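# Inside the fold
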Amino acid sequence: MADEEPTEPKGWATILLLFIGAFTSALAAYLLTQSAAMAWILGLALLASVIAYLVRTRPAPSGPGPLRTVWTWIDRQLTRLVALVKGLAVALMAAAAGAVPGVALVLVLAWTAMAVQGGVGTLIGAPCRAALELRLVTAPEGVATFARAGTEFARSTTDLRGCPRVRVSAAAAPPLKEFLAGFERDWSDGGPAAYSTMIGMRPDLWIAASPAAVRLAADRAAHKSPKVTLTDFGAFATSALAVAVPPKQQPNFAGDGPVAPLDKLVAARLVRARADLSETALAATSALRGRFGEAALTPQGVPTRDAAALLCWLGRPAGGRQQLDVETRPMLVPEYLVYAFNRRQAFGPCAARQSGKNLTPYLLPGAPLLQYRLVYVKWPDHQDERAYWAQRFQRWLAGTWAPANGFRDTAGAGTFTEPSLPVDSGAAVLDEKRAPALAAELEAVRKQHPPGDLLLAVDNSLSMDVPRADGQSPSVLAAGFGKALLRRLHGEIDQVRLRVFSVAPAYGQGKLRRPTPAPDRDTPEAAVARLGLPITGSKGDVPLPDVVALAETELDAAIRPNRTVVVVTDGTRLPVTRSDADYLDELLKESDTEVELVLAGDQDCTAAHLKELDRADLITCTKLDEATERTADAVLARIWEDDR
């Protein structure tokens, strides 16, 4: 008997049903496996649907023959497939009639699919795709906090296999002056090392503390268009500028309400990060002007770049502290750090503290409200995917993360699990209109140090290119230290001379000389630009007394305060005898010059061949590590300690 012809109606409805089934299956497989091969499956599903449509809607070829036979067979299989799909649909509709059985069926099916997928993934060892990395920079005080936020955000983006789709790494941005300059100089000091000499990494995201800072950066980035463009995704949180009063000082502020009187802050010797290094501290400058000097606010030995590091002093064991009474002094920090400190959370460079009394936060009269904004930095090779994840990160920070971590909403209101500061109705955000004033404030505070005459002498002997035991290059560390030191100086009030020294036959043995090519002027800015270029090495080391004696003669005799020679060397073959030390001590006292000896190699200041330096009162020795900025800050703190 001849096979019966299919009686199923032909048309679009049948084909659409088949295509929806194929498309849904392929899409589910793609979401489970994250495989690009699923795109081919979708294409094949479309092709099969077209063939099915042609078979189901067009009449079979007339007359006997193989083509009619194949056509009829395909039509018959499609009829059976449609019947099967319709049967499954009826069964599913029946299951959905009962809520509990329907939900149970869905859960079982989902669990089975995930179990099968997990088993297959385990058997074939399919690795996760590399997650898209978003590199975020922010003020040093917020690095640990926002790194934690980035980790939590990455967890929230995992697919069904647990593979993260994005990861956020956080690093400290340089001080605002250098950060803004990076947009004008393409993140380079003018040398071949590109942006890494300025910021350490090319950022995708920047968390700023005010719209004014964002405006300053956008204006500078416009000069580089279309090299880099900034997109401000808006504020996601605010934070008050809080005066964190330690337990030993709390009785002196009892009964004053939420606002700390300035007179009591003066008496208690308020401390904060330096305004030329910290965006947070800069925001409070106008409120403190006239009552505090920069040196009083940032005593020697206090971390000058990082408000979080200030609070870490309170969590250290007593034996680990330097001789500093910082544990009794109020500190100006963002409110969210006080929240983290009191909740025993890890933040900044220190781990979570285990016990102890809480800090009491007070408002600083006249201080603005910090407004944290996420800015997307788009580079020419960036894809739209980065912008999508950046905007999603901003929404997640505002809606999920910030309210639970001590931040206020964008209107200044906060919901905390412990007593906090009330909303200060007089606190205003540093909006875009105040960008010029913020820039002028930054220039003013950068000049708030004693003017001086400084000679930076960098060892360029071949031993400076020999890696240290930790793999670091002394010459690279020396250049990094020199840049960090000179960026803190100001060309209008400081004279700077950059010199190199080594035994170079072409120049005469032991001669201190200008690098080749030499800076066009003796300013901090010109010296920084020159340090961005390679310095050719020469054979032979120069005795320290010769370097100091030659350097001292180049300093301006008319400038008496803060005459300083900074010698950066690896320290090898640098013997100092007792007679050398006595000679240097007499020479430096007569000329009122101080020497900062910075060791960039494996040698340290306790080496036997340097112990006689203790006889020279005006020579200070420092070991240089990877934290070149920290060493530069300590050296400048000593130079500026008094006007000598």
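Residues numbered from 1 in each chain as written. Predicted model: local features only at pLDDT ≥ 70, side-chain atom pairs only at ≥ 80, totals over all residues. Heavy atoms only, no water.

So, on to the overall build of the protein chain. Looking only at helices and strands, the protein chain has 21 helices and 14 strands in total. Among the 644 residues that make up the protein chain, the fraction classed as buried is 47%. Of the contacts formed within the protein chain by residues at least 6 apart in sequence, a portion of 78% connects residues at least 24 apart. As presented, the protein chain carries roughly 30,000 Å² of accessible surface, and 59% of it is formed by carbon and sulfur atoms. (Helix = DSSP H or I, 4+ residues; strand = E, 2+ residues; numbered from the N terminus. Buried < 20%, exposed > 50% of the residue type's maximum accessible area, 1.4 Å probe, protein only. Contact = heavy atoms within 4.5 Å. Areas by Shrake-Rupley, 256 points an atom, 1.4 Å probe, with all protein chains shown as cover.)

Another point: the side chain of Arg-530. One can find Arg-530 in helix α18 (residues 524–531). The contacts of Arg-530, once residues within four sequence positions are left out, are Leu-498, Pro-515, Thr-516, Pro-517, Pro-519 and Ile-535.

Angle between the axes and distance between the axes are the two parameters that describe a pair of packed helices. Packing of helix α6 (residues 176–184) against helix α7 (residues 211–221) leaves a shortest axis separation of 7 Å and a crossing angle of 30°. It follows from the interaxial angle that α6 and α7 lie roughly parallel. The hand of the α6/α7 crossing is right-handed. Across the interface between the two elements, Leu-176, Leu-180, Phe-183 and Glu-184 from α6 touch Ala-213, Leu-216, Ala-217, Arg-220 and Ala-221 from α7. Among the residues forming the contact of α6 with α7, the class breakdown is seven nonpolar, no polar and two charged. (Axes fitted to C-alpha atoms, helices over the stretch in contact; angles between N-to-C directions. Parallel < 35°, antiparallel > 145°, perpendicular 65-115°, else oblique. Left-handed = near helix turned anticlockwise from the far one by under 90°. Nonpolar A, V, L, I, M, F, W, Y, C, P; charged D, E, K, R; others polar.)

Compared with an ideal rise of 1.5 Å per residue, which puts 18 residues at 26 Å, helix α15 (residues 384–401) spans 24 Å between its outermost C-alpha atoms and is within 8% of the ideal. Residues of α15 that are buried: Arg-386, Trp-389, Ala-390, Phe-393, Gln-394, Trp-396, Leu-397 and Trp-401. Residues of α15 that are buried in the fold lie against β1 (132–138), α5 (143–156), β2 (166–172), β3 (205–208), β4 (229–239) and β8 (370–378). (Expected span 1.5 Å × (residues − 1).)

Turning our eyes to something else, we now look at the nonpolar core. Nonpolar side chains tend to gather and get buried jointly when the protein is soluble and globular. Counting 94 residues, the largest nonpolar core has Trp-206, Phe-236, Leu-265, Leu-311, Leu-364 and Phe-393 as the members making the most contacts within it. Of all hydrophobic cores here, the second largest spans 26 residues; its members include Val-458, Ala-478, Leu-485 and Ala-600. (Core = buried A, V, L, I, M, F, W, Y, C linked by side-chain atoms within 4.5 Å.)

We now examine the sheet that holds β1. Paired through their backbone hydrogen bonds, the strands of a sheet run either parallel or antiparallel. The strand order across the open sheet built from five strands is β2-β1-β3-β8-β4, with neighbouring strands paired in mixed fashion. Lying at the two open borders of the sheet, with one neighbouring strand each, are β2 and β4. In this sheet, adjacent strand axes meet at a mean angle of 25° when their direction is disregarded. Of the strand pairs in this sheet, β3 and β8 are connected by four bridges, and their pairing is antiparallel. Looking at the pairing, Trp-206 lines up with Val-375 of β8. Packing of α5 onto the sheet brings it into contact with β1, β2, β3 and β4, and relative to β2 it is tilted by some 175°. (Pairing = 2+ DSSP bridges.)

By the definition in use, this model includes 16 aromatic pairs. The interplanar angle of 55° and the centroid separation of 5.5 Å between the aromatic rings of Phe-153 and Trp-396 together place this pair among those described as tilted. Of the two residues, Phe-153 sits in helix α5 while Trp-396 sits in helix α15, which places them 243 residues apart along the sequence. Assigned by exposure class, Phe-153 and Trp-396 land together as buried. Centroid distance Trp-401 to Phe-407: 5.7 Å. Interplanar angle 45°. Geometry classified as tilted. (Phe/Tyr/Trp six-rings, centres within 6.5 Å; stacked < 30°, edge-to-face > 60°.)

Take the pattern of salt bridges next. Going through the model one piece at a time under the given rule, you end up with 25 salt bridges. We note a salt bridge from Asp-617 to Lys-589, for which the minimum N-O separation is 3.2 Å. Separated by 28 residues along the polypeptide, Asp-617 in the loop between β13 (593–599) and β14 (619–623) and Lys-589 in helix α20 (residues 578–591) bring together distant segments of the chain. Residue Lys-589 is classed as partly exposed on the basis of its relative accessible area of 45%. (Salt bridge = Lys/Arg side-chain N within 4 Å of Asp/Glu carboxyl O.)

As a further point, take the state of the cysteines. Among covalent bonds in proteins, the disulfide is the one between the sulfur atoms of two cysteines. For the coordinates displayed, the defined rule picks out one disulfide. Across the disulfide, Cys-605 is cross-linked to Cys-621 (sulfur-sulfur distance 2.1 Å). Residues Cys-605 and Cys-621 are joined through a disulfide that is left-handed, its torsion about the S-S bond being -80°. One end of the pair, Cys-605, is in the loop between β13 and β14; the other, Cys-621, is in strand β14, with 16 residues separating them in the sequence. (Disulfide = S-S within 2.5 Å.)

The next point concerns the confidence of the model for the protein chain. Here the protein chain averages 78 in pLDDT, while 72% of its residues score no lower than 70. The low-confidence segment residues 118–125, where pLDDT is below 50, has one contact with residues more than four positions distant or belonging to other chains. Here residues 191–196 is a poorly scored stretch, pLDDT under 50, and it has 14 contacts once near neighbours within four places are set aside; other chains count. (pLDDT = per-residue confidence, 0-100.)

All right, on to the sheet that holds strand β7 (residues 360–363) then. Taken in spatial order, the three strands line up as β6-β5-β7 in an open sheet, and their pairing is antiparallel. Looking at strand neighbours, the two that pair on one side only are β6 (331–334) and β7, the edges of this open sheet. The average angle at which neighbouring strand axes cross in this sheet is 45°, direction not considered. With four bridges connecting them, strand β5 (residues 241–245) and β6 associate as antiparallel partners. Its bridge partner being in β6, Ala-242 is matched across the sheet by Val-333. Against the sheet, helix α14 (residues 335–342) makes contact with β5, β6 and β7, and its axis sits at roughly 95° relative to β6, the strand it touches most.

What follows deals with unusual backbone geometry. Even without glycine at this site, Arg-269 takes up a positive phi of about 60°. Take Arg-269: it is sitting in the loop between α9 (262–268) and α10 (279–283). Arg-269 sits in the partly exposed class, given a relative accessible area of 40%. Within the chain, Arg-344 stands out as a residue other than glycine whose phi angle is a positive 60°. In this fold, Arg-344 is placed in the loop between α14 and β7.

Axis separation between helix α19 (residues 544–554) and α20 bottoms out at 10 Å; the angle between their running directions is 15°. Classified by the interaxial angle, the pair formed by α19 and α20 is roughly parallel. For the pair α19 and α20, the sense of crossing is left-handed. Where α19 abuts α20, its residues Pro-545, Val-548, Ala-549 and Glu-552 lie against Asp-580, Tyr-583, Leu-584, Leu-587, Leu-588 and Ser-591. Classifying every residue of the contact of α19 with α20 by side-chain character gives seven nonpolar, one polar and two charged.

Looking down a regular strand, the side chains alternate between one sheet face and the other. In terms of residue burial, strand β9 (residues 452–459) counts as a mostly covered element, since eight of its eight residues are buried. Both faces of β9 are covered, namely the face carrying Gly-452, Leu-454, Leu-456 and Val-458 and the face carrying Asp-453, Leu-455, Ala-457 and Asp-459. When β9 meets strand β10 (residues 494–501), the two strands line up parallel, connected through eight bridges. Bridge pairing in β10 places Asp-453 opposite Gln-495. Between the parallel pair β9 and β10, the chain is carried across by helix α17 (residues 474–487), and the sense of this crossover is right-handed. (Right-handed = clockwise from strand over helix to strand, strands pointing away.)

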